[in-house]
Amino acid sequence: MFIQAIPHYQQAFKNFEQNKQPFSKLFCQVEKTFCWIKSSQYRKARELLQELESSTVAYPLLLGRVLEYQALLYQRQTRRRLDKALWCANRSLALRQKHFSTTKPKEVIRAYLRVAYIFSKKQRYIEALERIKKAAQLLQNHYSIYLDALMHHIQGLCYANMARLLTKGDQKKHKFSRTKGIKIYKRALELYKKALTPTHPKVGIMWGNIGSGWQMRHAEVHDSLRKVSAFGGNLSLINKACNPLIDSAFQSILKGVNILETNAVNSRFPLAYFSWYAGLVQGRTIRPNFAHGISLYQKALVHVMPGVYSTDIFAPPNLVKLALQENVDDLILSILCSKADYLVKHYAKSPQTRRKYLDLAWQSLEMLEKLLEKISVNTVLERDQLLLSQNISSYLNIRTRAFQQYQQILPKDTLQQMGERVLRVIEKRKKEALWKNIYSKVLRRKALLPVENQKKAVFLQQQAVFQARQVALSTPGTLERLQAMDSVSKYRTLLADHEEYLRQNYPAYRRLISQTTHLSLTKIQQQLLPHQALVSYTSNLHLVFVTTKNTLTFKNLTPGFEYIREHDKELRKKFNAFNNSLTNTQKGRERMTRNWAKTSHQLYQLIFKPVAKMLPQNITSLIILPSQSQYEAIPFEALLQAYDTTQKAQANIKQYSLINRYTIAYAPSLSYLQPQQNKTSQRQKSDLVAQFLAPIHFGKSQKAASNRGQMQKIRKLRHFSKVASLDSLPHTEREIQKCQEVLARKYGAKRIKTWKGARATESRLKTSLHQPTRIVHLATHAVSSTLSFELSKLFLYPESSKIDSLDGISYYGDIAGMRKATANLVVLSACETGVGLDIGVEGMLSLHRAFLQMGVPKVVHTQWAVHDEATAELMIKFYEYLSQGHKEAEALSLAKRYLLHNKIKSKGQTYATYPPYYWAAFRLTQQVFD
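This structure is a prediction, so every number in the text was calculated from the model and none was measured. (Residues numbered from 1 in each chain as written. Predicted model: local features only at pLDDT ≥ 70, side-chain atom pairs only at ≥ 80, totals over all residues. Heavy atoms only, no water.)

(A) Examining the packing of aromatic side chains more closely. Taken as a whole and assessed by the stated rule, the structure comprises 25 aromatic pairs. Plain terms: the ring middles of F314 and Y357 are 5.9 Å apart, the flat faces sit at 40° to each other, and that makes the pair tilted. With F314 in the loop between α14 (290-304) and α15 (319-323) and Y357 in helix α17 (residues 355-373), this pair connects stretches of sequence that are 43 residues apart. A centroid spacing of 5.9 Å and a plane angle of 40° characterise the contact between Y604 and F608, whose relative ring orientation is tilted. For the pair Y604 and F608, a shared accessibility class is recorded, and that class is buried. Site record: aromatic cluster; members linked through ring pairs are Y537, Y604, F608, F636, Y662 and Y666. Here R923 stacks its cationic end above the ring of Y666, 3.5 Å away from the centre of that ring. (Phe/Tyr/Trp six-rings, centres within 6.5 Å; stacked < 30°, edge-to-face > 60°. Helix = DSSP H or I, 4+ residues; strand = E, 2+ residues; numbered from the N terminus. Buried < 20%, exposed > 50% of the residue type's maximum accessible area, 1.4 Å probe, protein only. Lys NZ or Arg CZ within 6 Å of the ring centre and 35° of its normal.)

Right, here's the structure in full:
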């Protein structure tokens with residue numbers, strides 16, 4: 001329909017041009033862009049809309065349409081840019097309000113609904129409903145059945161989806177439920193049928209939305225029934241009780257798919273989306289039909305990637321067409337993930353007869369990997385990268401499960417090759433956004449971009465990060481928050497436009513940014529020392545790989561496909577018990593109870609005992625690449641290799657802790673591990689070996705803190721700026737004094753700098769990180785946020801409470817946005833600097849990651865709130881071993897062993913040994929080989 005309309009608009013354009021009718025001529029051009037967008041010809045639409053934006057200035061009606069269609073383009077194109085879409089939609093609304101509030105009010109209503117729809121896509125449902133309310137007020141006097149249907153459509157989206165995102169205050173203000181969303185959808189369906197035709201794509205979309213509403217309602221009821229004692233957690237009974245809901249969902253979505261198929265050319269993306277959704281829902285019915293389910297996934301692929309796939313599920317994809325695929329949409333990744341998962345589960349039910357389905361699943365996973373190679377995200381930790389990381393997490397989980405199935409049927413040589421492939425893929429995707437951010441600046445320099453363009457990119461990214469932090473700091477629903485959100489949209493839009501400009505105008509940069517990375521296991525093994533091993537865990541600890549200088553081995557950590565759910569449940573239970581008892585240990589009581597010791601040994605048996613059997617006897621040093629999930633925080637050093645019931649808990653800990661056997665360091669991914677550069681000659685010329693920063697007393701308060709975290713109230717405050725009221729850390733003064741003396745004996749006092757009290761400022765931190773210094777040591781307070789990574793922060797001495805860069809608070813974005821650091825090691829002697837928001841395959845977005853993002857090769861950080869006095873003891877021993885010539889990982893491990901085995905006297909109290917709570921929080925994460 002839209003494609004057929006384009007020639008008619010072109011002919012009309014020529015006629016109006018001959019008759020010298022400029023308005024009508026431009027109107028044809030504007031509507032032609034709409035047809036191009038609807039028929040997915042985005043590049044043509046984009047180029048023409050850019051021309052029309054300047055040529056329609058004299059005609060506000062047309063300019064409003066141009067801006068509206070630009071918003072539509074940015075929200076529909078393969079690489080969606082909702083921030084830019086919102087910016088264009090708001091400009092269109094402002095223009096129409098100015099010129100057509102009285103003469104053409106329906107234009108204003110359209111603009112309100114466009115803004116509301118984009119807000120709903122950005123999950124800002126409250127603001128979307130506010131725009132809908134204003135549109136409804138105008139509709140009362142200027143009614144249009146189509147606009148009324150569209151309004152109910154968007155309103156249904158908001159009510160059906162916002163339940164899990166509202167705060168308690170918002171819930172009181174806006175009554176909602178899935179059921180209400182479904183009722184609104186049904187009203188929209190009735191209106192669409194009257195305004196359009198029963199087979200119009202909008203009608204099909206509404207049937208699909210009704211089905212999605214029923215599916216979400218099914219999920220709510222299913223979860224609630226699991227807590228009802230009458231069902232006793234029996235899944236078969238719960239599924240049977242919820243079956244009418246899931247059946248309603250499936251039938252509604254299927255009806256929508258059938259309607260959309262009558263106009264498949266102009267409904268490609270909604271048809272692909274609802275075919276995929278129907279496949280998901282069909283798999284959750286009591287008696288899923290495999291053939292029907294897989295055909296729905298295949299139908300989704302046929303429509304989302306025309307020419308690449310056919311309706312035959314076993315036909316190989318067309319790789320020639322795939323090479324022409326410019327961009328990759330999240331929907332494509334989701335469909336391929338779901339299809340592969342469906343096939344693996346189907347194979348597992350009958351492995352003897354269904355090998356072809358496992359091969360088909362592997363084919364889908366390989367296709368997914370090819371598509372991921374095409375994705376290039378220039379900004380780190382933006383919503384598109386975070387959403388992508390969630391898809392990648394699902395993809396890696398499915399690939400792991402498929403590989404586990406292949407281990408039962410493939411010959412040894414073939415399996416070894418496949419294992420190497422799986423390891424390369426998993427490690428390449430771990431913390432990918434971190435890698436992209438580290439090297440984006442390097443690539444700009446390597447491409448010889450003009451300095452002003454490089455600086456502009458850095459400035460725009462810093463502003464986007466700063467405004468994102470202002471959003472996190474502000475109160476939901478306030479004008480301040482709305483303005484900050486708009487500023488985030490503005491700078492992200494400008495940054496994306498600048499990136500597109502660089503790609504188009506600098507071929508060298510375009511070539512570099514699109515290059516894929518190739519992980520060579522041979523090169524990695526060459527960097528390993530004979531006594532070293534790499535231990536890489538897959539997501540959720542289902543599989544582990546062990547790489548030594550000469551071998552690569554792997555091992556399943558789950559008992560079997562059918563027991564994965566039980567295994568995961570048991571693992572979570574043990575981990576939570578281990579973690580809670582470990583971090584709840586109090587000073588002086590040595591409460592490492594027998595229950596904790598048992599749990600520690602049980603966790604060891606689940607996740608490390610199989611590894612220990614794979615390690616050669618000569619291995620004494622491990623680099624662990626942890627699972628990117630909650631298990632990333634596991635302190636492997638504190639796991640117990642054995643448990644003797646005849647001994648006390650402390651004796652077991654002292655004798656069997658894993659720290660006794662191995663030197664342990666951590667790495668984000670194999671992709672990051674680079675050869676250690678030889679800086680010996682540089683260090684001999686350098687004036688400084690180490691710089692210590694310790695505010696000690698932050699201002700008004702002289703009260704001593706027991707640990708380097710801060711009062712719980714600080715965690716609850718969105719905006720904490722009274723650094724002067726923080727409790728003092730008296731042991732940090734002794735810590736840096738003793739550490740300085742240790743290093744001075746080796747290198748001389750002139751090469752050690754200490755910045756205490758009012759001299760330990762944000763400005764000094766920035767200077768220290770970029771001076772030719774081997775070590776930068778921070779002994780201070782820190783607060784991490786597991787809800788918003790932008791709010792994680794280090795506290796230094798405030799220079800000014802009115803200037804953001806001098807207020808003594810260094811946020812995540814402040815640190816990550818600095819230029820590349822020259823320091824070789826940063827020691828974060830503060831609380832929870834390795835804890836943060838958990839984002840899929842990206843892992844923990846913590847403060848230590850910000851320093852890695854700066855390019856610091858090695859960072860010492862903490863996994864929980866550390867004790868002030870014990871930390872001072874650990875750091876002093878760390879520097880003693882470091883000055884004796886030990887590498888950083890060895891020095892930290894030796895310091896931990898010292899605290900584990902030696903008596904420590906403290907203020908009239910003697911510790912028989914320091915429990916792991918006092919030393920296991922510290923870990924070394926490195927991006928280089930020793």
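(B) How the structure looks around the sheet that holds strand β9 (residues 782-783). Ordered by their spatial adjacency, three strands build an open sheet running β9-β10-β11, and the pairing between neighbours is antiparallel. Here the strands that pair on one side only, and so sit at the sheet edges, are β9 and β11 (809-811). Two strands pair when backbone bridges link them, and strand β10 (residues 793-795) and β11 are joined in this way by three bridges, in the antiparallel orientation. By the bridge assignment, F795 is partnered in β11 with I809. (Pairing = 2+ DSSP bridges.)

(C) View of the pattern of salt bridges. Here the structure, examined in full by the defined rule, presents 25 salt bridges. For E190, the salt bridge is made with R187, and the minimal N-O distance between the two is 3.5 Å. Taken together, the residues E190 and R187, both in helix α10 (residues 178-195) and three residues apart, mark about one turn of the helix. R187 gets classed as partly exposed once you look at its relative accessible area, which sits at 32%. (Salt bridge = Lys/Arg side-chain N within 4 Å of Asp/Glu carboxyl O.)

(D) Layout of the packing of helix α7 (residues 125-141) against helix α8 (residues 145-161). Two elements in contact, α7 and α8, have axes separated by 10 Å at closest approach and are oriented at 155°. As the angle between them shows, α7 and α8 are arranged roughly antiparallel. Of the two elements, α7 crosses α8, and the hand of that crossing is left-handed. Where α7 approaches α8, its residues Y125, A128, L129, I132, A136 and L139 are matched on the opposing element by L147, D148, M151, I154, Q155, L157, C158, Y159 and N161. For the contact of α7 with α8, the residue count by class is 12 nonpolar, two polar and one charged. (Axes fitted to C-alpha atoms, helices over the stretch in contact; angles between N-to-C directions. Parallel < 35°, antiparallel > 145°, perpendicular 65-115°, else oblique. Left-handed = near helix turned anticlockwise from the far one by under 90°. Contact = heavy atoms within 4.5 Å. Nonpolar A, V, L, I, M, F, W, Y, C, P; charged D, E, K, R; others polar.)

(E) Layout of the pairing of strand β8 (residues 773-779). Counted residue by residue, β8 has seven buried out of seven residues, so it is predominantly covered. Pairing between strand β6 (residues 688-694) and β8: five bridges, direction parallel. Bridge assignment links L693 to a residue of β8, and that residue is L778. Looking at chain direction, β8 and strand β12 (residues 825-829) are connected through five bridges and run parallel. Counted as the bridge partner of I775 is L825 from β12.

(F) The arrangement of the confidence of the model for the protein in detail. Taken residue by residue, the protein gives an average pLDDT of 83. The fraction at 70 or more is 87%. When the elements of the protein are averaged for pLDDT, helix α30 (residues 712-716) gives the smallest value, 45, and strand β5 (residues 663-666) the largest, 94. Of the regions scoring below 50 in pLDDT, residues 166-175 engages in 12 contacts with residues more than four places distant in sequence or in other chains. Long-range and interchain partners of residues 710-718, a stretch whose pLDDT sits below 50, account for 16 contacts in this model, where long-range means more than four residues apart. (pLDDT = per-residue confidence, 0-100.)

(G) Region of the structure containing empty space enclosed by the protein. Counted by the stated rule, this structure contains three cavities of 30 Å³ or more. In this structure, the second largest cavity is lined by 16 residues; those nearest its centre are K431, P626, E632, H848 and T925. Those elements that place two or more of their residues in the lining of the second largest cavity are α34 (847-853) and β18 (922-926). At three residues, the largest contribution of residues to the lining of the second largest cavity is made by α34. Residue classes in the lining of the second largest cavity are distributed as six nonpolar, six polar and four charged. A domain split of the lining of the second largest cavity shows at least three residues from each of domain 2 (528-666) and domain 3 (687-711 + 732-926). (1 Å grid on protein atoms, 1.4 Å probe; cavity = no way out; pocket = protein on both sides within 12 Å on 5 of 7 lines; lining within 4 Å. Points joined across faces, edges and corners; volume = space filled by probe spheres on them. Domains from an automatic or database assignment.)

(H) Layout of the pairing of strand β15 (residues 858-862). Within β15, five of the five residues are buried, which leaves the element mostly enclosed by the surrounding structure. Of the two faces of β15, the one carrying K858, V860 and T862 and the one carrying V859 and H861 are both buried. Judged from the three bridges that link them, β12 and β15 form a sheet pairing that is parallel. In the sheet register, L825 faces β15, and the bridge partner there is K858.

(I) Geometry of the packing of helix α13 (residues 268-282) against α14. Running from N to C, α13 and α14 cross one another at 160°; their axes reach a closest spacing of 8 Å. In this view, α13 runs roughly antiparallel relative to α14, as classed from their interaxial angle. The two elements α13 and α14 cross, and the hand of that crossing is left-handed. Mapping the contact onto sequence places R268, F269, L271, A272, S275, W276, A278, G279, L280 and Q282 in α13 and H292, G293, L296, Y297, K299, A300, H303 and V304 in α14. When its residues are assigned to classes, the contact of α13 with α14 shows 10 nonpolar, six polar and two charged.

(J) Geometry of the environment of L319. Position of L319 among the secondary structure elements: in helix α15. Separated by 51 residues in the primary sequence, L319 and K370 have C-alpha atoms spaced 9.9 Å apart. Among residues more than four places away in sequence, those in contact with L319 are M367 and K370.

(K) Structural detail: the environment of R91. Looking at where R91 falls in the secondary structure, it is placed in helix α5 (residues 82-100). Between the C-alpha atom of R91 and that of E68, which follows or precedes it by 23 residues, the distance is 8.5 Å. Once residues within four sequence positions are removed from consideration, R91 is found in contact with E53 and L67.

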